[in-house]
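# An overview of the molecular structure
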Amino acid sequence: MSEFIIYPAIDMRGGKCVRLIQGDYAKETVYGDSPYEMAKVFADKGAKWIHMVDLDGAKAGKRVNDNHVLEVAEKLNVNVQIGGGIRTEEDVEYYLSNGVSRVILGSSAISNPDFVKKMLAKYGSKIAIGIDAKDGYVSTEGWIETSTVKAADLGVELAAAGAEVFIFTDIATDGMLSGPNIEAVREMAKATGKDVIASGGVSSLNDLVELAAFQKEGVAGAIVGKALYTNQFDFAQALVEVARA
């Protein structure tokens, strides 16, 4: 069984590292001027993966902060996964051919399912499906819109189409430091039979240890953002605790 992976999150807006509360662009805190320097801090503490989100791209529907993503992928000895503003095959190819390990497709799973299935068929596990849910239903377009599609149903459909990795976010918990929705993450893993990375709400080392306890069920990792930026715990310390769990 592969190890439970902790993904430090770098959300980019205007070339800076920011965090939003529940995806609200009006509730932004800036934590750094350089995504690369922030990624280097995590890499130096032992991160094997960096989770990057182009918030401007998610809103604009096109790549905006891609130069920062490629800088991290090129200069640091880490795997990078990127989401936000990836709408075309050219976008996917651009990232994967420039050192990025995994591309996250989210809103397009609803707006353009044929494209997503085509990318899964072509790139397999290099594509992660980002499912952001509100009250069990999929949210899209940077969480501005809520669809009528149930999150679990979408997961099952895309797993059948070849998806191996899902990133599941419960919007209600994101940026709130209120603890992740562990039951919803487990349900997604059970429904799809695939690896599910938890995103949103991690506030303590105990949250990570609890999630890691369900690794055999398919809970494969967790994305951590605000808790690291507000010093709820140290990244290197989190690696030790999860390895011990």
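See above for the structure.
Position numbers for residues count from 1 along each chain, tracking the sequence in the order it is written. Only residues with pLDDT of 70 or above have their local features reported here, since the model is predicted, and side-chain atom pairs are shown and tallied only from 80 upward, although totals for entire chains, interfaces and linings are computed over all residues. Heavy atoms throughout the structure, all of them, feed into the side-chain values; hydrogens and water do not.

Turning our attention to the environment of I197. Note on conventions: DSSP H or I runs of at least 4 residues are helices, E runs of at least 2 residues are strands, and numbering of each starts at the N terminus. Along the chain, I197 falls in strand β11 (residues 195-199). Contact between two residues is taken to exist if any of their heavy atoms lie within 4.5 Å; hydrogens are not considered. Ignoring anything within four residues of it in the chain, the contact list for I197 reads Y7, Q81, R102, V165, F166, I167, F168, G221, A222 and I223.

Once that is clear, we can look at the side chain of R102. With respect to the secondary-structure elements, R102 resides in strand β6 (residues 102-105). When a residue's accessible area, from a 1.4 Å probe over protein chains only, is under 20% of the maximum for its type it is buried; when over 50% it is exposed; and in between it is partly exposed. When charges are counted, Lys and Arg are positive and Asp and Glu negative, with His and the chain ends excluded. Throughout this description, the term salt bridge denotes a Lys or Arg side-chain nitrogen within 4 Å of a carboxyl oxygen of Asp or Glu. D195 is the oppositely charged side chain nearest to the buried, salt-bridge-free R102, at an N-O distance of 6.8 Å. Nitrogen and oxygen atoms within 3.5 Å of one another constitute a polar contact, given that in protein one can donate a hydrogen and the other can accept it, and given that sequence-neighbouring residues count only through two side-chain atoms. Side chain to side chain, R102 and Y7 meet in a polar contact 3.3 Å long. Look past the residues within four positions of R102 in its chain and what remains in contact with it is Y7, W49, V80, Q81, I82, L96, S125, K126, I127, A128, V165 and I197.

What follows covers the packing of aromatic side chains. Centres within 6.5 Å are what make two rings of Phe, Tyr or Trp a pair, Trp counting through its six-membered ring; a difference in plane orientation under 30 degrees is then read as stacked, over 60 as edge-to-face, and the rest as tilted. Applying the stated criterion to the full structure yields five aromatic pairs. Consider the rings of Y7 and W49, whose centres lie 5.7 Å apart with planes at 50 degrees: the pair is tilted. Remark: W49 occurs in strand β4 (residues 49-54) and Y7 occurs in strand β1 (residues 5-13); sequence separation between them is 42 residues. Side by side, Y7 and W49 carry an identical accessibility label, which is buried. Note on F42 and Y229: the rings are 6.1 Å apart at their centroids and 85 degrees apart in plane angle, and the pair reads as edge-to-face. In this pair, F42 sits in helix α1 (residues 35-44) while Y229 sits in helix α10 (residues 226-229), placing the two residues 187 residues apart along the sequence. Within the aromatic cluster, the residues linked to one another by ring pairs are Y31, F42, Y229 and F235. Taking NZ or CZ as reference, K75 lies 5.4 Å from the ring centre of Y36, over its face. Lysine NZ or arginine CZ positioned within 6 Å of the ring centre and within 35 degrees of the ring normal marks a charge as sitting over the ring.

Moving on to the environment of R186. Here R186 is to be found in helix α8 (residues 182-192). R186 sits in the partly exposed class, given a relative accessible area of 23%. In the structure, R186 is positioned 155 residues away from Y31 in sequence and 31 Å away in space, judged by C-alpha atoms. Looking at R186, its side chain comes within polar contact range of the side chain of E217, at 2.9 Å.

The next subject is helix α7 (residues 151-160). Restricting attention to buried positions, one finds in α7 the residues A151, L154, G155, L158 and A159. Taken down its axis, α7 places every buried residue within 130 degrees of arc, on the same side. Directly after α7, the chain includes G162, whose backbone phi takes a positive value near 115 degrees. By definition, the arc is the one covered by directions from the helix axis to the C-beta atoms.

Burial runs high along β1: seven of the nine residues are buried. Should DSSP find at least two bridges between two strands, the strands are regarded as paired. Pairing of β1 with β4 involves four bridges; the strand directions are parallel. Opposite I10, over in β4, you have M52 as the bridge partner. Where β1 and strand β2 (residues 16-21) come together, three bridges link them in antiparallel fashion. Looking across to β2, one finds that R13 is bridged to K16.

So yeah, pure geometry; function would need other evidence.
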